[in-house]
Each structure stands twice: as C-alpha cells, then as structure tokens.
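Fold and contact review
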Amino acid sequence: MADSFGMWRKIEQEAGVSLVRSSPMLVVTDDAKMMARVERSVREGGDTPQRPRLSEVNRKYGSNLPAGNLTLIDPSAGVLMADKCVATLQRLFREAGGRVVDEWPVERVEVGPGGAVEVRGPRGRVRAERIVLCPGPWAGPLLAKMGVHLPLEVRRISVFYWRIKDQATPTVSFVHYGNEYHNYGLAQLEYPGLMKLVQHTGPVISSPEQRDQRGASREQRTKMQQYVREHWPTLHPEPVIEESCLYTMTPDEEFVIDSHPSHPNVVFACGFSGTGFKTAPAVGDNLCRLVLGRAPRHDLSAFRASRFAPRSRM
C-alpha cells in the first residue's frame, strides 16, 4: 500500500493532474483485535492514528454509532478519483507507445508449442510473446479454459447515495466493521449534497452481464435503509441515486497474483475482492516483473493460486 501511494503521487506529477484527495478515514468496530491491526497498519505506514471517543465522533458528525464500539481516525487516508485515474493511465500508456483496444471481448487464450500466446475473440486474434491477464469478473471461466481453476465468486454490489439533511453537518469517510456490519461510506465528494454509503457485499451472480439489471436486491436496499435510520440520522433514509459494481471474491478475500504453472510467460491477477484499485500501481509493477522473468518487488507468496488446492488443479 505504501508503494502504491507513492506511485499514485508520481503518476499525478507525470500527468499534471490531481487524482488523490485527502480524506481522513473513520474506522468503527466492536472487534478489539481488528482495531489493533488497523492501528498497527497506520503506524507502519508512517502515520499516527487518532483515537477519539465514540461520543466525540457522534457529536461531530451527527451520527448514532452504537455504544461499545471502538473508533479510530486514519489521517493519511484519501479517495482516488477512479474515472480520472483510469483515463490518466490510458493517456500515459498511449503517450508511451501503447495501444488501447476497447470493445474487444476475449473468448480464449492459448499457448502454442513454441510458447507463443494467442488471444482469441469474435473480432480476431492477437499474438504475443508474453501476456498479463487481468480479467476481472470474467477470470473464472477464462482461466479455467487454460487449466487454472479458482474458487471465485462474482458479487453485485449496490452503491447508494443519500441526501444530507443539513449541509452544515460535516461528512466523513468511514469503515464500519462488526458482527452485524461491514459497511463503508465516503464523505461528500462525487455529488453535491450527497454521501455515499455501501454494504461491502452483495448477491452472487452467475454472469458479469447481470451487473446492469435494474434495481438493487430488496434485501440490500432494506438493510442499508435500516442502517442509515439507526446510525446516520443526518441523512435522509431513502437513497436518491443507485449504481452498481462487481466484486470478484476469493474465499479468503485476498488477491490472486501468479504465473501459469506450465507457461511462465502467462501471468494473471484476479480476485481482488473489492479492494484492488488502490494498490493497482504496485500490483502492475509486480506483474510486469513476473512476466519479464524478473524477481518481484514484493513477496507474493500469500497471493499464489496454489493456496486453493486441490480445487485449483494447476
């Protein structure tokens, strides 16, 4: 994470755009062990966490977070402007001589007898000496055709925006962990007068093409409405905007970053479980090193696909 943050700052400087907005993050949990890990992580990142009392947090933000919870403020946290990040990276890639091809679905990836890779789809074929595959929610079926079987689930996440009753009330980015909750929220950034609150899970879907089905599941909407009523009375309890995204989940909610067991010139990354975007620069750097046969910058042993054996059948 520390390396990724530094890389995002370098990308900002190179591109001449602002991609990261500072937004200190409130962590709320009833799990003392979880809070100890969060506090240690902040300190290892070089910052000093703040430990306000729950009553102070509720008074400042007009929240009604439940008694018995622990609270922490991570002053180093921020928000990545995702659309700008993607557009900026694509621009820098093109300026470096790369080619971006949109609307080119991939149906199959095959490695020939000499090791050459061929990517096949309805619009043609592309051949390469080396390839890095980051198929997102399509990873399971695509990699299975190459003999890599991973226990991945694709979940549809409903993203809700809630109107702030009084603009004088400050908003805060937060994560709320607990036996009953794993929700997160972003301070007022994307839409004027609105705060983003999301449940960090959703129903399993059989195909990524189901992402844009109309409406959230009734269960998700009801849970979030109840959560807002109980704990964020400064917000109107009916969402005014609903969007969606997809999480590709692994059983342990950790990434998969590995090389094909029979073809070291084929490297893949998937299963980021809803937390991969922020670490994209460091992950990309390691993927580049792997596919070029160089030692990765970080220890990637925890992310090997073989941890899911025997189901991986690699």
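First, a word on scope: everything that follows refers to the structure included in this document. What you see is a predicted model, and the numbers here were worked out from it, not measured in a lab.

In this section: the overall build of the protein chain. The number of helices and strands found in the protein chain is seven helices and 15 strands. In summary, the protein chain has a C-alpha radius of gyration of 21 Å against a globular reference of 20 Å for 314 residues, a match within 12%. In terms of overall dimensions, the protein chain has C-alpha extents of about 65 × 40 × 40 Å along its principal axes. Counting over 314 residues, the protein chain shows a buried share of 41%. Expressed as a percentage of contacts within the protein chain between residues at least 6 apart in sequence, the contacts between residues at least 24 apart total 67%. Of the charged side chains in the protein chain, 41 are positive and 35 negative, and the gap between their average positions amounts to 1 Å.

Relative orientation of the contacting elements helix H1 (residues 2-15) and helix H7 (residues 280-291) amounts to 100°, with a least axis distance of 7 Å. In terms of axis orientation, H1 runs roughly perpendicular to H7. The residues of H7 that touch H1, namely those facing Asp3, Ser4, Met7, Trp8 and Ile11, are Ala280, Pro281, Ala282 and Asp285. Among the residues making up the contact of H1 with H7, the classes are represented as six nonpolar, one polar and two charged.

This part covers the packing of aromatic side chains. Tallying each qualifying case throughout the model produces seven aromatic pairs. Seen from their ring centres, tyrosine 161 and tyrosine 191 are 4.8 Å apart, and the 90° between their planes marks the pair as edge-to-face. With tyrosine 161 in strand S9 (residues 153-164) and tyrosine 191 in the loop between strand S11 (182-186) and strand S12 (194-199), the pair connects residues that are 30 residues apart, well separated along the chain. Under the relative-accessibility criterion, tyrosine 161 is labelled buried at 2%. One aromatic cluster in this structure is built from Phe255, Phe272 and Phe303.

Turning our attention to the environment of threonine 275. Tracing the backbone through its elements, the reader meets threonine 275 in the loop between strand S15 (266-270) and H7. Among all residues touching threonine 275, those that are not within four sequence positions of it are His200 and Phe255.

Definitions and cut-offs
Residues numbered from 1 in each chain as written. Predicted model: local features only at pLDDT ≥ 70, side-chain atom pairs only at ≥ 80, totals over all residues. Heavy atoms only, no water. Helix = DSSP H or I, 4+ residues; strand = E, 2+ residues; numbered from the N terminus. Rg over C-alpha atoms; globule rule 2.2 N^0.38 Å. Buried < 20%, exposed > 50% of the residue type's maximum accessible area, 1.4 Å probe, protein only. Contact = heavy atoms within 4.5 Å. Lys, Arg positive; Asp, Glu negative; His and termini not counted. Charge placed at Lys NZ, Arg CZ, Asp CG, Glu CD. Axes fitted to C-alpha atoms, helices over the stretch in contact; angles between N-to-C directions. Parallel < 35°, antiparallel > 145°, perpendicular 65-115°, else oblique. Nonpolar A, V, L, I, M, F, W, Y, C, P; charged D, E, K, R; others polar. Phe/Tyr/Trp six-rings, centres within 6.5 Å; stacked < 30°, edge-to-face > 60°.

Interpretation note: all reported values are geometric properties and have no functional meaning in isolation.
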